[in-house]
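So you can see what is in the structure, the chains are spelled out below.
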Protein chains: 2
Amino acid sequence: MLRKNRLFTPGPTPILPAAQTAMASYAMHHRTADFRALFSRVLADMKDFIGTKSDVLVLASSGTGVMEGSVSNLTSFGDKVLVLTAGKFGERWRDLGKAFGCAVEVVSAPYGETFSLEEVRHKLTPDVRAVFVQATESSTGARHDVKGIADLTRKTEALLVVDAITGLGTTQLDVDGWGVDVIIGGSQKALMIPPGLAYCAISERAWKRMESAKSPRYYFDFRRERKAAAKGESAYTPATSLFAALGAALDFVRQMGDGDLVAGRDALIANAELAAEMTRAGAQALGLKLFAPSCPAAALTAIQSPTGIDSGAIVKQFRESFGAVVANGQGEMKGQLFRIAHLGYYDYLDTIGILAALEHVLASVTGKPVTYGTAVRAAQEAYAGARYQAAATGTRAM
Amino acid sequence: MLRKNRLFTPGPTPILPAAQTAMASYAMHHRTADFRALFSRVLADMKDFIGTKSDVLVLASSGTGVMEGSVSNLTSFGDKVLVLTAGKFGERWRDLGKAFGCAVEVVSAPYGETFSLEEVRHKLTPDVRAVFVQATESSTGARHDVKGIADLTRKTEALLVVDAITGLGTTQLDVDGWGVDVIIGGSQKALMIPPGLAYCAISERAWKRMESAKSPRYYFDFRRERKAAAKGESAYTPATSLFAALGAALDFVRQMGDGDLVAGRDALIANAELAAEMTRAGAQALGLKLFAPSCPAAALTAIQSPTGIDSGAIVKQFRESFGAVVANGQGEMKGQLFRIAHLGYYDYLDTIGILAALEHVLASVTGKPVTYGTAVRAAQEAYAGARYQAAATGTRAM
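Residues numbered from 1 in each chain as written. Chains lettered and ligands numbered in written order. Predicted model: local features only at pLDDT ≥ 70, side-chain atom pairs only at ≥ 80, totals over all residues.

## Looking at helix 1 (residues 17-25) of chain A
Turning to step 1, where the next piece is worked out: When we look at burial in helix 1 of chain A, the residues that qualify are Ala19, Gln20, Ala22, Met23 and Ala24 of chain A.
Turning to step 2, where the next piece is worked out: In this structure, the buried residues of helix 1 of chain A make contact with helix 10 (240-256) of chain A together with helix 1 (17-25) and helix 10 (240-256) of chain B. (Buried ≥ 20, exposed ≤ 12 C-beta atoms within 10 Å, placed from the backbone. Helix = DSSP H or I, 4+ residues; strand = E, 2+ residues; numbered from the N terminus. Contact = placed C-beta atoms within 7 Å.)

## Notes on the nonpolar core
Turning to step 1, where the next piece is worked out: Membership of the largest hydrophobic core comes to 276 residues, with the highest contact counts inside it found for Val162, Ile183 and Ala249 of chain A together with Val131, Val162, Ile183 and Ala249 of chain B.
Turning to step 2, where the next piece is worked out: Ranked by residue count, the leading element in this core is helix 11 (residues 261-285) of chain B, at 12 residues.
Turning to step 3, where the next piece is worked out: The contact partners of Val131 of chain B, leaving out residues within four places of it in the chain, are Leu82, Leu84, Leu124, Ile149, Thr153, Ala158, Leu160 and Val161 of chain B. (Core = buried A, V, L, I, M, F, W, Y, C linked by C-beta atoms within 7 Å.)

## Thoughts on the environment of Leu343 of chain B
Turning to step 1, where the next piece is worked out: Here Leu343 of chain B lies in the loop between strand 14 (337-341) and helix 13 (348-366).
Turning to step 2, where the next piece is worked out: For the pair Leu343 of chain B and Gly323 of chain B, spaced 20 residues apart in sequence, the C-alpha separation works out to 19 Å.

## Focus: the pairing of strand 10 (residues 197-202) of chain A
Residues and elements named next belong to chain A.
Turning to step 1, where the next piece is worked out: Counting buried positions along strand 10 gives 6 out of 6 residues, so the element sits mostly inside the fold.
Turning to step 2, where the next piece is worked out: The alternating pattern of strand 10 places Leu197, Tyr199 and Ala201 and Ala198, Cys200 and Ile202 on opposite faces, both of which are buried.
Turning to step 3, where the next piece is worked out: Across 6 bridges, the pairing between strand 2 (residues 55-60) and strand 10 is antiparallel. Bridge assignment links Asp55 to a residue of strand 10, and that residue is Ile202.
Turning to step 4, where the next piece is worked out: Both strand 9 (residues 182-186) and strand 10 contribute to a ladder of 5 bridges, which runs antiparallel. Among the inter-strand pairings, Gly185 is bridged to a residue of strand 10, identified as Tyr199. (Pairing = 2+ DSSP bridges.)

## A word on the interface of chain B and chain A
Turning to step 1, where the next piece is worked out: Each partner contributes to the interface: chain B provides 41 residues, whereas chain A provides 41 residues.
Turning to step 2, where the next piece is worked out: Every element with two or more residues in the side of chain B that touches chain A is listed here: helix 1, helix 3 (63-72), helix 4 (88-99) and helix 10 of chain B.
Turning to step 3, where the next piece is worked out: In terms of residues, the side of chain B that touches chain A owes the most to one element, helix 1 of chain B, which gives 4 residues.
Turning to step 4, where the next piece is worked out: For the side of chain B that touches chain A, the per-class residue count stands at 21 nonpolar, 18 polar and 2 charged. (Nonpolar A, V, L, I, M, F, W, Y, C, P; charged D, E, K, R; others polar.)

## What to know about the pairing of strand 5 (residues 128-134) of chain B
Residues and elements named next belong to chain B.
Turning to step 1, where the next piece is worked out: Here strand 5 lies mainly inside the structure; 6 of its 7 residues are buried.
Turning to step 2, where the next piece is worked out: Inspection of the sheet shows strand 3 (residues 80-85) paired to strand 5 by 4 bridges, in the parallel sense. Directly across from Val81, in strand 5, lies its bridge partner Ala130.
Turning to step 3, where the next piece is worked out: Inspection of the sheet shows strand 5 paired to strand 8 (residues 159-163) by 5 bridges, in the parallel sense. Bridging across to strand 8, Val133 finds its partner in Val162.

## Quick look at the relation of the copies chain B and chain A
One copy of the chain maps onto the other through a rotation about an axis followed by a shift along the same axis.
Turning to step 1, where the next piece is worked out: Take chain B, turn it by 180°, move it 0.0 Å along the axis, and it overlays chain A with an RMSD of 0.0 Å. Between the two chains, the operation in question is that of a two-fold axis.
Turning to step 2, where the next piece is worked out: Most of the interface of chain B is mirrored in chain A, where 100% of its interface residues are also at the interface. (Least-squares fit on C-alpha atoms with pLDDT ≥ 70 in both.)

## Some thoughts on the domain arrangement of chain A
How large an interface is tends to be reported as the accessible area lost when its parts come together.
Residues and elements named next belong to chain A.
Turning to step 1, where the next piece is worked out: Taken domain by domain, chain A consists of domain 1 (6-12 + 258-393) and domain 2 (17-255).
Turning to step 2, where the next piece is worked out: Computed from C-alpha coordinates alone, the two centres of domain 1 and domain 2 are separated by 27 Å.
Turning to step 3, where the next piece is worked out: The interface is formed by 30 residues belonging to domain 1 together with 33 residues belonging to domain 2.
Turning to step 4, where the next piece is worked out: At the level of elements, helix 11 (261-285) and strand 11 (300-304) are the ones that each hand at least two residues to the side of domain 1 that touches domain 2.
Turning to step 5, where the next piece is worked out: The dominant element in the side of domain 1 that touches domain 2, judged by the number of residues it contributes, is helix 11, at 7 residues.
Turning to step 6, where the next piece is worked out: Residues of the side of domain 1 that touches domain 2, tallied by class, amount to 19 nonpolar, 8 polar and 3 charged. (Domains from an automatic or database assignment.)

## Brief notes about the sheet that holds strand 9 (residues 182-186) of chain B
All names here are of chain B.
Turning to step 1, where the next piece is worked out: Strand order in the open sheet made by the 7 strands is 2-10-9-8-5-3-4, with mixed pairing throughout. Looking at which strands have only one partner, the edges of the open sheet turn out to be strand 2 (55-60) and strand 4 (103-108). Pairs of neighbouring strands in the sheet enclose a mean axial angle of 20°, with direction left out of account.
Turning to step 2, where the next piece is worked out: Running over the sheet, helix 4 touches strand 3, strand 4, strand 5 and strand 8 and is turned about 165° from strand 3.
Turning to step 3, where the next piece is worked out: Lying on the sheet, helix 6 (residues 146-153) is in contact with strand 5 and strand 8; it crosses strand 8 at an angle near 160°. (Axes fitted to C-alpha atoms, helices over the stretch in contact; angles between N-to-C directions.)

## A short note on the packing of helix 1 of chain B against helix 10 of chain B
For any two helices packed against each other, the geometry comes down to the angle between their axes and how far apart the axes lie.
All names here are of chain B.
Turning to step 1, where the next piece is worked out: It is the contact of helix 1 with helix 10, at a shortest axis distance of 8 Å, that shows an interaxial angle of 150°. By the angle class used here, helix 1 and helix 10 are roughly antiparallel. The hand of the helix 1/helix 10 crossing is right-handed. Listed contacts from helix 10 to Ala18, Ala19, Ala22 and Met23 of helix 1 are Ser241, Leu242, Ala244, Ala245, Gly247, Ala248, Ala249 and Phe252.
Turning to step 2, where the next piece is worked out: Per-class residue counts for the contact of helix 1 with helix 10 are 10 nonpolar, 2 polar and no charged. (Parallel < 35°, antiparallel > 145°, perpendicular 65-115°, else oblique. Left-handed = near helix turned anticlockwise from the far one by under 90°.)

## Looking at the sheet that holds strand 14 of chain B
Residue and element names in this part refer to chain B.
Turning to step 1, where the next piece is worked out: One open sheet holds the 3 strands; their spatial order is 11-14-13, and the pairing between them is antiparallel. Of all the strands in the sheet, just strand 11 (300-304) and strand 13 (327-328) have a single pairing partner and so form its edges.
Turning to step 2, where the next piece is worked out: Two elements, strand 13 and strand 14, share 2 bridges in a ladder whose sense is antiparallel. Bridging from a neighbouring strand, Ala327 pairs with Arg339 of strand 14.
Turning to step 3, where the next piece is worked out: Packing against the sheet, helix 12 (residues 311-322) makes contact with strand 13 and strand 14, and its axis sits at approximately 40° to strand 14.

## Brief notes about unusual backbone geometry
Turning to step 1, where the next piece is worked out: Omega for the peptide link from Gly11 of chain A to Pro12 of chain A comes to -10°, which places this bond in the cis form.
Turning to step 2, where the next piece is worked out: Considering the arrangement of structural elements, one finds Pro12 of chain A in the loop between strand 1 (6-7) and helix 1.
Turning to step 3, where the next piece is worked out: The backbone phi angle of Met192 of chain B is positive, close to 70°, even though this residue is not glycine.
Turning to step 4, where the next piece is worked out: By the element assignment, Met192 of chain B lies in the loop between strand 9 and strand 10 (197-202).
Turning to step 5, where the next piece is worked out: Positive phi values are uncommon outside glycine, yet Asp258 of chain B reaches one of about 50°.
Turning to step 6, where the next piece is worked out: In this structure, Asp258 of chain B sits in the loop between helix 10 and helix 11.

Now the structure itself:
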């Protein structure tokens, strides 16, 4: 059959058609009233998308750039910082802290698991200046307990910095209520546009820290960006076409909420949660094991490869037979698991389709028969159950 | 009359239609064979575009990001560096050096002028670790003598770093022959695509310096990017849609050279040189003064506002009457000059059109009569002269 190219990777994700059009037709200079209007509208909308009253910055870089900025703007050489890591992105926090000369303490958990809050509490000594963590660890499909961690940091001098690059738009995060000081996202995730923009929201206590933090920074100087943003501009040339795409994506999210961006964001989160639930049900019905069963994220589902099968063969078969790009494990996890994304622009047909394809792929790579429809039926039951429950509780049915 | 929106700003510049289409239709994951092929092809083509055999990096950021990387990868805290500045972008080098704790020595020239090579030689003491300069200073329209500066640095331990963000594709630069160690460009300039990518070529002696340079860096860690690029990848998520646009733009430049990218790049430079020559002739025929008469760049022409006229009124009139966005002066130069760009996707009709519009704008803001056709005729004469000369010398006529 014809094979459409489809991304099921946890970033880049499928691009919203309205964003593609906006991006292609946009050609505005960035120091004009028209662009300032777009820029200011996007920044205001991003507050609703993130769920914060704090100032938001959107920069031209990948998410790693704003992760670096969160280290360089908030620390000085020699500062003690606490990194919570249970995957490749947690390890990036550790490496960033070291690159800027911080004394990095680590709380780690095995890949696919999350942290003991007791251990976090134990290592959160009064000299810790900042705590760095992921909301969802994209390399393992695990969700971390941001609220539980914030309950510990809020009472201390330590700032809490959360990489929610795959968490925003897939997980309910009460950024201001919990006391998250910096929360970070990326354009190519739940926001349904290409990579090239990263964003963050910054609490007043984090802005205050920047006054004394001494690590060198220039391109990612958050205070300079905030000053420019107050005038509807960015400090350096913004990625204008991606801003136009972001504006279109936020309009789409608003439409999902019948004109209310916050409601639309909640609907987008519920959409990812349901797609994840369907996928977990489907995979488990086929006898497959989840990689992060105790704390699965809604952004993506990481599924263990059957014993003796390199997950690379599964990834390859998905691509060759169905044009579907799913993600392999990263680093040491390569070959052990494959990852199917739910964040952003995925619907029922996408979710059912990839599970049906999984049945064929599994039969092919294991050489064992599969009862076709097993994963699909389990996913349908999860879908029908969620609709039934929404109707019973009067909440919005996805 | 109908007013089409047209950018005559020295970045962002008008976007190549083929790049817009490529950008809109591209949706490939960055860890796939398809993207690796695009990535590697673009990096190889960029060597020809820049005119170097050195390794090239293309990163997701504005040009300022790679300027920062050139400081952080090549210096250590306390290093003495020499900044040559005659405009807003030269001042950015100074600020970047200070941000990373370098001991910054400065050779400056008034806005609109260039440096005394004698003064550069004088300040280029043996302890200078790097020299930072612009090829063309976009804020004043001045061209600096990169070859003359390289002749001084090549014999010393000092690395030469050239911000050619508006210089590449508008100026002949013999990067390897002269001994330029780092040369920097941006996507939204002569390359005719939106902002969001910055690039650089790095000499072996600069790669070597990075082994001992200690300034903190992570997102702009050039050595990590080089290692990833050898495998057809970027260290962090690349701005995929802009890469697709860049591939299309490089194909267009190759077509300009009848299949030869270097010849196409030379044609693009000659195109900017001719548009600049036409614009200078037109402006001067109207009695206007150039802002950088002794060393005008081909990337843009900066024209002084007539005595008593705020150049903001000229910029406004261009926009309101003709939909044409020209640039005002920056910082202290605001109100004193306006800037018309020639870098990238401009042709004869664009150049003649903006000069004809200038005649109406000038009549309107000064309230004095203008003999219509004065600037246009001077530009036509410059064009005809250039064609005649090209025919006489057997070089490619633009």
